Amino acid sequence: MQHSKQILLARRLLDRDYATPITIEQLSRQVALSPYYLIRLFRRVYKQTPHQYLIHLRIARAKELLSRSDLSITEICVTVGFESLGSFSTLFSKVVGISPSAYRRSSQSMRTSAYIPLCASWLHDVHETTDA
Amino acid sequence: MINRLAVTEFWVTDQNAALRFYTETLGFDIRADVTVGDYRWISVGLKSQPDVEIGLNALKAGNLLTADEAQFLTKLVEAGKLGHCVWKTDDCHKTYDELKAKGVEFVQPPTDRPYGTIEAIFKDNSGNIMVLSQDKR
């Protein structure tokens, strides 16, 4: 695909800088594509927009910290790149299904390894590296 | 020789709603929460039985299910014809009262069964049928 290197670079930049304020304009400048074109190509490759991918990274990291760290929810909110506790809590609840505090309460005995049983990964054709 | 059950799965119509139900209403723990692309493996389990996990498997079209299959299975789950499970409790009446107060839908109140148990039947918020069973002493 044309511009595949730039799309991969955009993903790598998001992977590296997800905890910092980053706009689509900044990202598109860094990979030398227009914002519109970047969003279109990124979605074609990764089935989600750069913004959706960024939110996914932040929420995944927040889940990890909620279950495995002693950081307060406010500290976690800031650590993963959200500026407002309210918007973090609202978004987290919408994406995950329960609030950050409920997630922390329920996830203290969660396995530390990111493991999907073979039967499930085989049935659902899941082969990529896991993120949590 | 097989020596224990480790993982099983329920189909759920909405993973987020199911997670709320199993953690906040039933009080289960989250065992795993892993997202790969648009696939999410989320499993829960009882605090008192840490080596058993139950996957809450999303009923949606994707790699495994066609849209028709997902629609068909959803109808079966919502009608209580697919997922069934028995949970043990020390006090069926008390647990019934607690869960009922939390809004759990029961299709049968605690009832003496001739085979030595008291059993109530409820649905999870997808429609899976759950038996709440107490052994009579």
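Structure shown above.
Now for a description of the structure that goes with this document.

Enumeration over the complete set of coordinates arrives at nine salt bridges over all chains. Lys63 of chain A is the salt-bridge partner of Asp33 of chain B, the closest N and O atoms lying 3.0 Å from each other. Here Asp33 of chain B is found in strand E2 (residues 29-36), whereas its partner Lys63 of chain A is found in helix H4 (residues 50-68) on a different chain. For the residue pair Asp33 of chain B and Lys63 of chain A, the accessibility class agrees, reading buried in each case. Its salt-bridge partner being Asp51 of chain B, residue Arg4 of chain B comes within 3.6 Å of it at the nearest N-O pair. A residue pair is termed long-range when its members are at least 10 positions apart, and Arg4 of chain B in the segment before strand E1 (7-12) and Asp51 of chain B in the loop between strand E3 (39-45) and strand E4 (53-58) qualify at 47 residues. Residue class for Asp51 of chain B comes out partly exposed when judged on its relative accessible area of 42%. Within this structure, Lys63 of chain A together with Asp33 and Arg40 of chain B form a network of salt bridges that share partners.

In this section: helix H3 (residues 92-101) of chain B. Residues and elements named next belong to chain B. Along H3, the positions that sit buried rather than exposed are Cys92, Thr95, Tyr96 and Leu99. Down the axis, H3 shows its buried residues gathered within 105° of arc, on one side only. Structurally, H3 contributes buried residues whose contacts are with helix H1 (15-25), strand E6 (105-113), strand E7 (117-123) and strand E8 (129-135). Immediately beyond the C-terminal end of H3, within one or two residues, lies Gly103, with a positive phi of roughly 95°.

Turning our attention to the environment of Val52 of chain B. All names here are of chain B. Residue position: Val52 is located in the loop between E3 and E4. As a C-alpha pair, Val52 and Arg4 span 48 residues in sequence and 8.9 Å in three-dimensional space. In contact with Val52, other than residues within four places in its own chain, are Leu5, Ala6, Arg31, Val44 and Gly45.

With that settled, the discussion passes to unusual backbone geometry. A negative phi angle characterises most non-glycine residues, just as the trans form characterises most peptide bonds. All names here are of chain A. Of note in this structure, Ala32 is not a glycine but carries a positive phi near 60°. With respect to the secondary-structure elements, Ala32 resides in the loop between helix H2 (24-31) and helix H3 (35-46). Within the chain, Lys47 stands out as a residue other than glycine whose phi angle is a positive 60°. Note on placement: Lys47 falls in the loop between H3 and H4.

Next up on the list: the nonpolar core. Ranked by internal contacts, the top residues of the largest apolar core, which has 41 residues, are Phe88, Phe92 and Tyr103 of chain A together with Tyr22, Trp87, Phe106 and Phe122 of chain B. If one sorts the elements of this core by residue count, H4 of chain A sits on top with five residues. For Tyr22 of chain B, the residues in contact, after removing those within four places along its chain, are Phe10, Gly27, Phe28, Val44, Leu56, Asp124 and Met130 of chain B. Core analysis: the next-biggest nonpolar cluster, separate from the first, contains 16 residues, Ala10, Ile22, Leu27 and Leu38 of chain A among them.

Moving on to the side chain of Glu119 of chain B. All names here are of chain B. Inspection of the secondary structure assignment puts Glu119 in strand E7. Separated by 3.3 Å, the side chains of Glu119 and Thr117 make a polar contact. Not counting residues up to four positions away in its chain, the partners in contact with Glu119 are Cys92, Gln108, Pro109, Pro110, Thr111, Arg113, Val131, Leu132 and Ser133.

Attention now goes to the environment of Arg20 of chain B. Following the sequence through the fold, Arg20 of chain B ends up in helix H1. Overall, Arg20 of chain B belongs to the partly exposed group, its relative accessible area being 35%.

What counts as what
Starting from 1, residues in each chain are numbered consecutively following that chain's sequence as written. Chain labels run from A onward and ligand labels from 1 onward, assigned in the order the entries are written. At least 70 in pLDDT is required for a residue's local features to be given in this predicted model, at least 80 for side-chain atom pairs to be given and counted, and no such filter applies to totals for whole chains, interfaces and linings, which use all residues. For the side-chain quantities, the full set of heavy atoms in the structure was used; hydrogens and water were omitted. The rule for a salt bridge is simple: a side-chain nitrogen of Lys or Arg has to be within 4 Å of a carboxyl oxygen of Asp or Glu. Working definition: helices are DSSP H or I runs of at least four residues, strands are E runs of at least two. Numbering for both runs from the N terminus. Relative accessibility decides the category of a residue: with a 1.4 Å probe and only protein chains considered, values under 20% of the type maximum give buried, values over 50% give exposed, and everything between is partly exposed. The directions considered for the arc run from the helix axis to the C-beta atoms. We call two residues in contact whenever any of their non-hydrogen atoms come within 4.5 Å of each other. Definition used in this section: a nonpolar core is a set of buried Ala, Val, Leu, Ile, Met, Phe, Trp, Tyr and Cys residues joined via side-chain atoms within 4.5 Å. Two N or O atoms form a polar contact when they lie within 3.5 Å of each other; inside protein one atom must be a possible hydrogen donor and the other a possible acceptor, and for residues adjacent in sequence the pair counts only when both atoms belong to side chains.

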